[in-house]
Amino acid sequence: MTGWEGPTEKGSFADDVVGGGPSREELARRLASVREAIDEACQKAGRPAGCAKLLLASKNVPPVQIRTAYELGARLFGENRAQELRAKAPALADLAIEWHFIGHLQTNKVRDVLRHAAVVESLDRLALAEELHRRLHREGRSLDVYVEVNVSGEPTKHGLSPDEVPAFFAQLVRYPALVVRGLMTLGPNSEDEVTVRRAFRALYELRERLRQEGYPNAPLEELSMGMSRDFPWAILEGATLVRVGTAVFGPRLP
Ligand SMILES: *Cc1c(COP(=O)(O)O)cnc(C)c1O
């Protein structure tokens with residue numbers, strides 16, 4: 001897997017951070033290591049260095065550590081619970097963080113998410129599109145969204161099945177406040193390179209098809225795929241954004 005061995009856990013916890021978590025030095029080392037692995041995968045794919053943006057999945061990560069990661073150059077952060085985003089974003093409002101919402105979004109939580117997130121990566125149903133559009137339209141603004149697709153077909157995962165996606169895009173024209181910047185998926189729960197890459201390739205091909213079909217308000221520049229365990233494979237299959245949590249922040253506290 002492109003020389004990437006995943007996060008190391010040894011000796012990584014500092015006493016000076018409330019609630020534990022990696023020290024600043026450890027965070028710097030892991031961030032550098034992930035960035036290096038990104039560039040290596042880009043090179044292996046014949047794509048330019050930095051071909052995929054790094055988004056840090058910061059669920060369960062305290063603001064103090066997010067701030068440190070920011071000081072080390074990270075700008076994109078992803079949260080997957082509206083309440084957690086609402087609690088953490090104000091504490092970090094002095095930073096130019098671009099928040100992405102990457103979890104399942106209930107329509108009754110849309111308000112909180114719209115207040116903080118620049119991108120909603122988990123658009124997976126028309127009722128959510130309608131609620132987002134309704135509020136955005138009232139505020140006279142638009143929002144960048146990605147459509148979440150369940151390419152692996154695993155029943156525990158959210159997202160549209162690939163078959164449903166073209167009809168979904170046809171319906172989205174009714175919600176012009178939404179600009180569909182890309183597709184998002186979670187890779188299959190598998191360690192097998194062929195299986196995982198096949199799923200990522202399916203998302204890439206779906207994106208190509210949708211682009212050809214040419215839906216309005218859907219420039220589809222982005223493919224958000226790949227997490228700590230599989231982001232180099234995602235980059236080999238065309239990811240433009242990888243969502244990495246544990247490889248940088250360490251295992252999540254319960
Ligand atoms: C937590 C999370 C990630 C990151 O997962 P890691 O395995 O910690 O890298 C990526 N995407 C989503 C949607 C997540 O919830």
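Residues numbered from 1 in each chain as written. Predicted model: local features only at pLDDT ≥ 70, side-chain atom pairs only at ≥ 80, totals over all residues. Heavy atoms only, no water.

- Going by what an unreviewed UniProt entry lists, the chain is known as Pyridoxal phosphate homeostasis protein and is assigned to Brockia lithotrophica.
- Under the heading Cofactor (unreviewed entry), UniProt records this for the chain: "pyridoxal 5'-phosphate".
- Entered under Function (unreviewed entry) in the UniProt record, the comment concerning the chain runs "Pyridoxal 5'-phosphate (PLP)-binding protein, which is involved in PLP homeostasis." (UniProt positions renumbered as here; feature names shortened; annotations may be inferred.)

Description of the site of the ligand
Argument step 1. Around the ligand, the surrounding shell consists of A57, K59, N80, I102, M227, S228, R243, V244, G245, T246 and R252.
Argument step 2. Contacts to the ligand include R243, whose side-chain N or O atom sits 2.9 Å from a nitrogen atom.
Argument step 3. For the ligand, an oxygen atom lies 2.8 Å from a polar atom in the backbone of G245.
Argument step 4. Within the complex, 91% of the 380 Å² of free accessible area of the ligand lies under protein.
Argument step 5. Class assignment for the residues of the shell around the ligand results in four nonpolar, four polar and three charged. (Near = heavy atom within 4 Å. Polar contact = N/O pair within 3.5 Å; in protein donor to acceptor, adjacent residues only side chain to side chain. Areas by Shrake-Rupley, 256 points an atom, 1.4 Å probe, with all protein chains shown as cover. Nonpolar A, V, L, I, M, F, W, Y, C, P; charged D, E, K, R; others polar.)

Details of the packing of helix α6 (residues 165-172) against helix α7 (residues 193-213)
Helix-helix packing is characterised by the crossing angle of the two axes and by the distance between the axes.
Argument step 1. Relative to each other, α6 and α7 sit at 40°, their axes nearing to 11 Å. As summarised for this structure, α6 and α7 are arranged oblique, according to the angle between their axes. Between α6 and α7 lies a crossing whose hand is right-handed. Contacts between α6 and α7 involve V165, P166 and F169 on the former and, on the latter, L206, R209, L210 and E213.
Argument step 2. Split by residue class, the contact of α6 with α7 holds five nonpolar, no polar and two charged. (Axes fitted to C-alpha atoms, helices over the stretch in contact; angles between N-to-C directions. Helix = DSSP H or I, 4+ residues; strand = E, 2+ residues; numbered from the N terminus. Parallel < 35°, antiparallel > 145°, perpendicular 65-115°, else oblique. Left-handed = near helix turned anticlockwise from the far one by under 90°. Contact = heavy atoms within 4.5 Å.)

Some remarks on the pairing of strand β5 (residues 143-148)
Argument step 1. The element β5 is extensively covered by neighbouring structure, given that five of its six residues are classed as buried.
Argument step 2. Where strand β4 (residues 119-123) meets β5, three bridges bridge the pair, whose relative direction is parallel. Opposite V119, over in β5, you have D144 as the bridge partner.
Argument step 3. With helix α5 (residues 126-139) bridging β4 and the parallel β5, this β-α-β connection has right-handed handedness. (Buried < 20%, exposed > 50% of the residue type's maximum accessible area, 1.4 Å probe, protein only. Pairing = 2+ DSSP bridges. Right-handed = clockwise from strand over helix to strand, strands pointing away.)

Examining the UniProt feature "modified residue: N6-(pyridoxal phosphate)lysine" (unreviewed entry) in the chain
Argument step 1. Within the UniProt annotation, "modified residue: N6-(pyridoxal phosphate)lysine" (unreviewed entry) is assigned to K59.
Argument step 2. Note on placement: K59 falls in the loop between β1 (53-57) and α2 (63-71).

Concerning unusual backbone geometry
In most cases, non-glycine residues show a negative phi, while peptide bonds are predominantly trans.
Argument step 1. The backbone of N60 sits at a positive phi, close to 65°, despite the residue not being glycine.
Argument step 2. Topologically, N60 is positioned in the loop between β1 and α2.
Argument step 3. Residue N60 is classed as partly exposed on the basis of its relative accessible area of 34%.
Argument step 4. Phi is positive for L220, close to 50°, though the residue is something other than glycine.
Argument step 5. Note that L220 resides in the loop between α7 and β7 (222-224).
Argument step 6. By relative accessible area, L220 is classed as buried at 0%.

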